[in-house]
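Residue-level structure breakdown
This is what each chain is made of:
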Amino acid sequence: MLVGTEPSDLPGVATIPNDLNVHRLVSPRAGLTSQRNHGIQTARRISSPEAWLSKIIVFFDDDFRPAADWLQKCEALFAASPQVLAVTGAVIMDGARDGIAITEEQASDALTRPRASDKIGYSKWKEGLYGCNMAFRATVFDQCAFDEKLPLYGWLEDTDFSGQIRKFSDVYRASNLIGVHLGSKSGRVSGYKYGYSQLANPLYLARKGTITLGKCAYFWTRALASNALRSLREHPTIDYRGRFAGNMTAMADLIDGSIHPTNISSFRR
């Protein structure tokens, strides 16, 4: 399933190998959570009830590059471990978190280097799922859905989904499911909107009960301190000043009681 927000997001049919059963989908609403839900709903609709129960649903962001054996090893993990309902892989390079986008050549080089072992197993993972690469038994979606009140870029949607699953199961990380997250800067929201989401989204999730108030405070403290300090100097690729301005707008909305993740949909900045 390739899910975009408009047809121009999707590769042309001629670029897709004929032997792949690829569905090119346009989500009825723009936004990461809506796109993921649309893909899930389509997969369920085209599957028989019996087939759906046995499916493994995998999510890759469009700027994630998995190792060639990622899906094979993921399938083997689920087959051998019936208690595993949700797993995330090991990101060996991450341009999204490091702040500097990784090139396709760098990713290819990293993924072709010799690995110490392919037999390393999986373990319970306190950090939660990482949205750029994660996999689930389809039965998870009988109880969970991506929250479409986290609009557009949907920051912390993976944290929220992890919290939903943890109400009935652990989540896991498999260190032999490796990949590279390029951290593409296109397709993301403005610094101002992201800064607002940095405060509005954790508070919304804490009120919802998928993260603790302590975790919310951690997100708030980290965002405010980092953005305030780094906004003193202009950054070549990251709009810390815009983020800090968004933080301040969220603080004002908190005071007047109107803070909510969906507010960014009406921002023009």
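Residues numbered from 1 in each chain as written. Predicted model: local features only at pLDDT ≥ 70, side-chain atom pairs only at ≥ 80, totals over all residues. Heavy atoms only, no water.

**Let's talk about the packing of helix α7 (residues 191-208) against helix α9 (residues 240-256)**
Where we set the bar: What counts as an axis is a line fitted to C-alpha atoms, over the stretch in contact for a helix, and the angles between N-to-C directions run from 0 to 180 degrees. By definition, any uninterrupted DSSP run of H or I lasting at least four residues is a helix, any uninterrupted run of E lasting at least two residues is a strand, and each is numbered from the N terminus. Should an angle fall under 35 degrees it is taken as roughly parallel, and over 145 as roughly antiparallel, whereas 65 to 115 is taken as roughly perpendicular and any remaining angle as oblique. Should the near helix be turned anticlockwise from the far one by less than a right angle, the crossing is left-handed, and should it be turned clockwise, the crossing is right-handed. Residue contacts are counted whenever heavy atoms from the two residues lie within 4.5 Å of one another.
Orientation of α7 relative to α9, taken along the N-to-C sense of each, is 40°, at an axis distance of 5 Å. Judged by the angle between their axes, α7 and α9 are oblique. Seen from above, α7 lies across α9 with right-handed handedness. Only Gly 242, Arg 243, Ala 245, Gly 246, Asn 247, Thr 249, Ala 250, Met 251, Asp 253 and Leu 254 of α9 make contact with α7, whose side of the interface consists of Gly 191, Tyr 192, Tyr 194, Gly 195, Tyr 196, Gln 198, Leu 199, Leu 203 and Arg 207.

**A look at a nonpolar patch on the surface**
Formally: Residues enter patches when their relative accessible area tops 30% and they take part in no salt bridge; the joining distance is 9 Å for like charges and 5 Å for the nonpolar side chains Val, Leu, Ile, Met, Phe, Trp and Tyr. Methods summary: accessible areas were calculated by the Shrake-Rupley approach with a probe of 1.4 Å, and residue burial reflects only the protein chains presented. Salt bridge, as used here, is a side-chain nitrogen of Lys or Arg placed within 4 Å of a carboxyl oxygen of Asp or Glu. Burial classes: relative accessible area under 20% of the type maximum marks a residue as buried, over 50% as exposed, and values in between as partly exposed (1.4 Å probe, protein chains only).
Residues Leu 2, Leu 20 and Val 22 make up a contiguous nonpolar surface patch of about 210 Å² in total accessible area. Position of Val 22 among the secondary structure elements: in the loop between β1 (2-4) and β2 (24-26). A residue is classified by how much of its surface remains accessible, and Val 22, at 32% relative accessible area, is partly exposed.

**Re helix α8 (residues 213-230)**
Test applied: Between the first and last residue of a helix there are one fewer steps than residues, each counted as 1.5 Å, and that sum is the expected span. An arc is given here, and it is the one of the directions from the helix axis to the C-beta atoms.
Taking 1.5 Å of rise per residue, the 18 residues of α8 would be expected to cover 26 Å, and the 26 Å separating its terminal C-alpha atoms lies within 8% of that figure. For α8, the full list of buried residues reads Cys 216, Phe 219, Trp 220, Ala 223 and Asn 227. Projected onto a plane normal to the axis of α8, the buried residues spread over an arc of 95° and lie on a single side. Exposed side chains of α8 directed beyond 90 degrees from the buried face belong to Gly 214, Thr 221 and Leu 229. Next to the buried residues of α8 lie α7 and α9.

**Overview of the nonpolar core**
Short version of the rule: For our purposes a nonpolar core is just a set of buried Ala, Val, Leu, Ile, Met, Phe, Trp, Tyr and Cys residues, chained together by side-chain atoms within 4.5 Å.
With 21 residues, the main nonpolar core has Tyr 196, Leu 205, Ile 211, Cys 216, Trp 220 and Ile 259 as its most contacted residues. Within the residue set of this core, elements represented by two or more residues are α7 and α8. Per-element accounting of this core gives the leading share, nine residues, to α7. Beyond its immediate sequence surroundings of up to four residues, Cys 216 is in contact with Pro 202, Leu 203, Ala 206 and Ile 211.

**So, the packing of α7 against α8**
Applied cut-off: Residue polarity follows a fixed list, in which Ala, Val, Leu, Ile, Met, Phe, Trp, Tyr, Cys and Pro are nonpolar, Asp, Glu, Lys and Arg are charged, and the others, Gly among them, are polar.
One can describe the packing of α7 onto α8 by two numbers: an axis separation of 9 Å at closest approach and a directional angle of 175°. Our classification of the angle between α7 and α8 gives roughly antiparallel. Residues Gln 198, Leu 199, Pro 202, Leu 203 and Ala 206 of α7 touch α8, and the partners they reach there are Leu 213, Cys 216, Phe 219, Trp 220, Ala 223, Leu 224 and Asn 227. Class assignment for the residues of the contact of α7 with α8 results in ten nonpolar, two polar and no charged.

**Notes on the packing of aromatic side chains**
Formally: Whether two aromatic rings pair depends on their centres lying within 6.5 Å, for rings of Phe, Tyr and Trp, where Trp uses its six-membered ring; planes under 30 degrees apart make the pair stacked, over 60 edge-to-face, and the rest tilted.
Inspection of every chain in the model, using the stated rule, returns 16 aromatic pairs. When the centroid spacing of 6.4 Å and the interplanar angle of 70° are considered together, the rings of Phe 59 and Phe 141 count as edge-to-face. In this pair, Phe 59 sits in strand β3 (residues 56-60) while Phe 141 sits in the loop between β7 (133-137) and α6 (157-165), placing the two residues 82 residues apart along the sequence. By relative accessible area, which is 11% here, Phe 59 ends up buried.

**Some words on the pattern of salt bridges**
Considering all chains together, one arrives at eleven salt bridges under this definition. We note a salt bridge from Arg 36 to Asp 61, for which the minimum N-O separation is 2.8 Å. Of this pair, Arg 36 sits in helix α1 (residues 32-45) while Asp 61 sits in the loop between β3 and β4 (64-66), and the two are 25 residues apart along the sequence. In this structure Arg 36 comes out as buried when scored by relative accessible area, which is 5%. Using a relative accessible area of 23% as the deciding quantity, one classes Asp 61 as partly exposed. For Arg 97, the salt bridge identified is with Asp 94, shortest N-O distance 3.9 Å.

**Details of unusual backbone geometry**
Phi is mostly negative for residues that are not glycine, and the peptide bonds are mostly trans. The backbone of Leu 152 shows a phi angle near 55°, a positive value even though the residue is not glycine. Position of Leu 152 relative to the elements: it lies in the loop between β7 and α6. Owing to a relative accessible area of 26%, Leu 152 belongs among the partly exposed residues under this scheme. The residue Leu 156 is not glycine, and still its phi comes out positive at about 75°. Turning to its location among the elements, Leu 156 is positioned in the loop between β7 and α6.

**Considering the environment of Ala 206**
Tracing the chain through its elements places Ala 206 in helix α7. Relative accessible area serves as the criterion here: at 14%, Ala 206 is assigned to the buried category. Along the primary structure Ala 206 and Asp 160 are separated by 46 residues, whereas in three dimensions their C-alpha atoms are 9.5 Å apart. Excluding residues that lie within four positions of it along the chain, Ala 206 makes contacts with Ile 211, Thr 212, Leu 213 and Cys 216.

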